[in-house]
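Here is what each chain is made of, one letter per residue.
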Amino acid sequence: MPLSYLCTMAEDLTIITGSKAEIYQSLIPQIKGLLEGEPDLIANLANVCAALKEQFGWLWVGFYLVKQDELVLGPFQGPVACTRIKKGRGVCGAAWQNAETLIVPDVEKFPGHIACSSLSRSEIVIPLIKNGDVIGVLDVDATELDQFAETDKKYLEEIISLIPIS
Ligand code: SME
């Protein structure tokens with residue numbers, strides 16, 4: 001039986017300090033362990049959010065899922081957030097429309113940014129893609145300017161790709 005079924009993995013998350021790359025390289029095998037043998041999308045999205053939030057301490061980590069013509073709030077960690085985002089609106093809607101990761105060093109300089117929390121200063125949004133279609137996005141917000149770079153894009157895209165989507 002996979003370890004994740006035994007409810008031991010969350011308690012066992014190992015938090016490290018180091019460079020961003022070192023932190024992601026420590027976290028990714030642990031996320032693989034959390035996802036192993038679990039086919040339920042919501043359960044897996046919830047644990048990915050929790051692992052990222054616990055390791056990095058970012059303000060907000062969460063998923064929005066495409067439902068008809070909108071993104072609808074899914075599993076997240078952090079302050080309460082807006083529940084629905086139209087295609088092309090805000091950073092999340094733009095990442096959905098363009099099917100590409102968006103890094104926003106200063107949210108006040110992103111036209112149409114949706115301020116769910118006044119504490120958010122920088123943001124990264126990664127699309128969750130299945131068979132060429134965006135089925136959701138991972139959104140991460142930080143309280144400081146310029147918190148996300150190519151390293152985050154690379155590893156967060158890798159983490160997203162680990163999530164089994166049936
Ligand atoms: N800032 C996002 C909205 C979602 S919240 O940050 C959780 C956006 O502009 O799409």
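What counts and how
- Residues numbered from 1 in each chain as written.
- Predicted model: local features only at pLDDT ≥ 70, side-chain atom pairs only at ≥ 80, totals over all residues.
- Heavy atoms only, no water.
- Helix = DSSP H or I, 4+ residues; strand = E, 2+ residues; numbered from the N terminus.
- Contact = heavy atoms within 4.5 Å.
- Areas by Shrake-Rupley, 256 points an atom, 1.4 Å probe, with all protein chains shown as cover.
- Lys, Arg positive; Asp, Glu negative; His and termini not counted.
- Charge placed at Lys NZ, Arg CZ, Asp CG, Glu CD.
- Axes fitted to C-alpha atoms, helices over the stretch in contact; angles between N-to-C directions.
- Parallel < 35°, antiparallel > 145°, perpendicular 65-115°, else oblique.
- Nonpolar A, V, L, I, M, F, W, Y, C, P; charged D, E, K, R; others polar.
- Near = heavy atom within 4 Å.
- Polar contact = N/O pair within 3.5 Å; in protein donor to acceptor, adjacent residues only side chain to side chain.

Visitor: Could you give an account of the overall build of the chain, with specific residues and numbers?
Guide: Along the chain, the regular secondary structure elements total four helices and six strands. For the chain, the sequential pattern of α-helices and β-strands runs α-α-β-β-β-α-β-β-β-α. Dimensions of the chain along its principal axes, counting C-alpha atoms only, are 45 × 35 × 25 Å. Pairs at least 24 apart in sequence give 53% of the contacts found in the chain among residues at least 6 apart. Of the roughly 8,400 Å² of accessible surface on the chain, 51% is carried by carbon and sulfur atoms. A distance of 6 Å separates the average location of the 13 positive side-chain charges in the chain from that of its 22 negative side-chain charges.

Visitor: Report on the packing of helix H1 (residues 20–35) against helix H4 (residues 150–162), specifying residues and quantitative values.
Guide: In a pair of packed helices, the angle between the axes and the distance between the axes together describe the arrangement. Interhelical geometry of H1 versus H4 gives an angle of 5 degrees and a closest axis separation of 10 Å. Considering their axes alone, H1 and H4 lie roughly parallel with respect to each other. Between H1 and H4, the residues in contact are Lys20, Ala21, Tyr24, Gln25, Ile28, Ile31, Lys32 and Leu35 and Thr151, Asp152, Tyr155, Leu156, Glu158, Ile159 and Leu162, respectively. Of the residues assigned to the contact of H1 with H4, the class counts are nine nonpolar, two polar and four charged.

Visitor: With reference to specific residues and values, describe the site of the ligand.
Guide: The environment of the ligand is made up of 13 residues, and the closest members are Val91, Cys92, Ile114, Cys116 and Glu123. One of the backbone nitrogen or oxygen atoms of Ile114 is found 2.7 Å away from a nitrogen atom of the ligand. A distance of 3.2 Å separates an oxygen atom of the ligand from a polar atom in the side chain of Asp141. Protein burial of the ligand: of its 310 Å² of free accessible surface, 98% is covered by the chains. Elements represented by at least two residues in the shell around the ligand include exactly strand S1 (60–67), helix H3 (90–98) and strand S6 (133–142). The leading source of residues in the shell around the ligand is H3, at three residues. Class assignment of the residues belonging to the shell around the ligand gives a composition of eight nonpolar, two polar and three charged.

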